[in-house]
Structures are given as structure tokens and as C-alpha cells.
Amino acid sequence: MKLLHIDSSILGDNSASRQLSGEVVKAWQVAEPSAVVTYRDLAADAISHFSSTTLVAAGTTAELRNAAQQHEAELSASTLAEFIAADAVVIAAPMYNFTVPTQLKAWIDRVAVAGQTVRYTEAGPEGLCGGKKVVIVSTSGGIHAGQASGIAHEEYLKLVLGFLGITDIEIVRAEGLAYGEEVRNNAMTAAQAKISEQLFAAA
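Here, residues in each chain are numbered from 1, in the same order as that chain's written sequence. For this predicted model, a pLDDT threshold of at least 70 governs which residues receive local features, and a threshold of 80 or more governs which side-chain atom pairs are given and counted, while totals over whole chains, interfaces and linings are taken from all residues. The side-chain values count all of the structure's non-hydrogen atoms but skip hydrogen atoms and water molecules.

As annotated in an unreviewed UniProt entry, the protein chain is FMN dependent NADH:quinone oxidoreductase from Pseudomonas tensinigenes. Under the UniProt heading Sequence similarities (unreviewed entry), the note attached to the protein chain is "Belongs to the azoreductase type 1 family." UniProt positions are given in the numbering used here, feature names are shortened, and annotations may be inferred rather than shown by experiment. The Subunit (unreviewed entry) field of the UniProt record for the protein chain holds the comment "Homodimer."

Written out as C-alpha cells, the structure is:
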């Protein structure tokens, strides 16, 4: 079993999403000791944003690419290969200004690829990644789940994953983290309880 672990917070050791995503991965490894984990830190090793260079690189044969185009092509290929190979993905997704971090959006743009992870048919788009399980670690300073202010965060991620054919999605949520120490502690404790008592209860 191959597990892809994605972190995207810029806060380093102070990040709630990093803490919780790490706990999800550890719990998964306990439940499935044979799991092989690939880790990608989108803040420390940022993926460049989708650009005209990316598109030109994809449409240029390898021997004709310049250095920048070759870098873009290799980055796209390696990022996509990691995602396709994964049986499960843990995505740490803190909320920044009512949406996901720009670093995470850059990763999404590299894995949502027509002909690879989704295809278009006469009946509409068809996701090609239906066998994967995804755990989204959702954190926010305020309370947004189920509200209009959360549509571009959790709902956006579920929309993108569904577009790729992924429907087996679990959310570990810690919100209200900026509402004071007591609220933060309660939110983190509830998220940790879900990880330990619910996510892998059947394992």
C-alpha cells in the first residue's frame, strides 16, 4: 500500500495541519505496517505555479526543450507519478483567506491532468482515480465548515477530488483555532480523537 502525505502550511512546527496530518499518517502506519509513505512538503519545496512555460514544455519534445522547460516537464511528471501511484493520500489543507494555500493549488494543477487523472467523454468528464482514499486535514482560525465562507476550502477540495473520480474522502477537521486557547485545545482534541477512534477503527 502506497501512501502520499502532502503538507502545505507555511507555519512549520507551529502548524496545526502539519501536526494532525502527521498523526493521521502514523495511525495509518500502525493500521497498515506495510504502508510505504512518500512525503511532499509544498511549503519547504514549493511547486512552481502553472504557467505558459508549463504548457509549452508539455507540448515540446524532450530534445527541443530549454532548461526551464525541461525543469517544468520533469516537475509535472514526477508530481503526477507520485499521485497516480498512491493508493491513499493525506492532504493537510489549512485555510488561508477562505481557500486553500496557493502552494496546494499549485500541486492540484499538476495532478488534475486531462488524459491522465480525468478524461472527457461525450457524456462529460470521467475521473480516473476512483480507487484512491483521501483524508483531508482541514484547519482554520474561524468556523467555516458548512458555511458559505468554507465553499472554497473543504468543498473545493471535495469538488476537485470528485472530478478526478475520488469519492472515498474523510475529513479530519480542527476549526476555530484562533478563538482562544480553550477552543483551540478542544478542536485539536476532537480531531485527534477522530484519528485514533474513527478513521482506523475497522483496521
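Once you've had a look at it, read on.
1. So, the sheet that holds strand E1 (residues 2-7)
In this description, strands pair whenever DSSP reports at least two bridges between them. Put simply, DSSP marks the helices as runs of H or I at least four residues long and the strands as runs of E at least two long, and each gets a number from the N terminus on. The five strands are arranged E2-E1-E3-E6-E7 in an open sheet whose pairing can be described as parallel. Each edge of the open sheet carries a strand with a single partner, namely strand E2 (36-41) and strand E7 (168-174). Neighbour to neighbour, the strand axes of the sheet diverge by 15° on average, direction disregarded. Bridging between strand E6 (residues 133-139) and E7 involves seven bridges; their strand directions are parallel. Note that in E7 the partner of Lys 133 across the bridge is Asp 168. Taken strand by strand, helix H1 (residues 16-31) contacts E1, E2, strand E3 (88-94), E6 and E7, and its axis lies near 150° from that of E6. Packed on one face of the sheet, helix H5 (residues 151-163) meets E3, E6 and E7 and runs near 165° to E6. For every element, the axis is a line fit to its C-alpha atoms; helices are fit only across the contacting stretch, and the angle between N-to-C directions ranges from 0 to 180 degrees. Residue contacts follow a heavy-atom distance rule, with two residues in contact if any of their heavy atoms lie within 4.5 Å.

2. Looking at a nonpolar patch on the surface
Among the surface-exposed residues, Ile 143, Tyr 179 and Val 183 lie close enough to one another that they form a single nonpolar patch of about 280 Å² accessible area. Within the fold, Ile 143 resides in the loop between E6 and H5. Residue Ile 143 is classed as partly exposed on the basis of its relative accessible area of 43%. Patch definition: residues with relative accessible area over 30% and no salt bridge; like charges joined within 9 Å; nonpolar side chains (Val, Leu, Ile, Met, Phe, Trp, Tyr) joined within 5 Å. Each accessible area is a Shrake-Rupley estimate made with a 1.4 Å probe; only the visible protein chains count as cover when residues are assessed. A side-chain nitrogen of Lys or Arg and a carboxyl oxygen of Asp or Glu constitute a salt bridge if their distance falls within 4 Å. Buried means the residue's accessible area, taken with a 1.4 Å probe over protein chains only, is under 20% of the maximum for its type, while exposed means over 50%, and partly exposed covers the values in between.

3. Describing helix H4 (residues 102-111)
Of all the 10 residues making up H4, seven are buried; the element is thus mostly covered by neighbouring parts of the structure. Residues of H4 that are buried: Gln 103, Leu 104, Ala 106, Trp 107, Ile 108, Arg 110 and Val 111.

4. Observations regarding the environment of Thr 60
Its location among the elements puts Thr 60 in the loop between helix H2 (52-58) and helix H3 (67-85). Under the relative-accessibility criterion, Thr 60 is labelled buried at 18%. Separated by 10 residues in sequence, Thr 60 and Gln 70 have C-alpha atoms that sit 9.4 Å apart. Beyond its immediate sequence surroundings of up to four residues, Thr 60 is in contact with Arg 65 and Gln 69.

5. Some remarks on the UniProt feature "binding site: FMN" (unreviewed entry) in the protein chain
Here, the residues flagged by UniProt with the feature "binding site: FMN" (unreviewed entry) are Ser 9, Ser 15, Ala 16, Ser 17, Met 95, Tyr 96, Asn 97, Phe 98, Thr 139, Ser 140, Gly 141 and Gly 142. Along the chain, Met 95 turns up in the loop between E3 and H4. The residues contacting Met 95, other than those within four sequence positions of it, are Thr 139, Ser 140, His 144, Ser 149, Gly 150 and His 153. Residue placement: Ser 140 occurs in the loop between E6 and H5.

6. Quick word on H5
A helix is expected to reach a length of 1.5 Å times the quantity of its residues less one. In this model, H5 (13 residues) spans only 16 Å end to end at C-alpha, well below the 18 Å of a helix rising 1.5 Å per residue. All of the buried residues in H5 are His 153, Glu 154, Leu 157, Val 160 and Leu 161. Packing partners of the buried residues in H5 comprise E3, H4, E6 and E7. With its phi angle positive at about 95°, Gly 165 sits one or two positions after the end of H5.

7. As for the pairing of E2
The sheet contact formed by E1 and E2 spans six bridges and is parallel. When the sheet's bridge partners are listed, Ile 6 is paired in E2 with Arg 40. With the strands pointing away from the viewer, any crossover whose connection runs clockwise from the first strand over the helix to the second is right-handed. Remark: the E1/H1/E2 crossover connection has right-handed handedness.

8. Things to note about the UniProt feature "domain: Flavodoxin-like fold" (unreviewed entry) in the protein chain
As annotated in UniProt, the feature "domain: Flavodoxin-like fold" (unreviewed entry) corresponds to residues 1-199 in the numbering used here. Annotated as 42% helix and 21% strand, the span residues 1-199 places its first and last C-alpha atoms 17 Å apart.

9. A closer look at the packing of aromatic side chains
Two aromatic rings, drawn from Phe, Tyr or Trp (for Trp, its six-membered ring), form a pair once their centres lie within 6.5 Å of each other, and the interplanar angle then sorts them: stacked below 30 degrees, edge-to-face above 60, tilted otherwise. According to the stated counting rule, one finds two aromatic pairs in the structure shown. Here Tyr 120 and Phe 163 contribute two aromatic rings whose centre-to-centre distance is 6.4 Å and whose plane-to-plane angle is 55°, an arrangement assigned as tilted. On the criterion of sequence distance, the pair formed by Tyr 120 in strand E4 (residues 118-121) and Phe 163 in helix H5 is long-range, its members being 43 residues apart. Whether a charge sits over a ring depends on NZ of Lys or CZ of Arg being within 6 Å of the ring centre and within 35 degrees of the ring normal. Geometry around Phe 83 places Lys 132 over its ring, the cationic atom sitting 5.2 Å from the centre.

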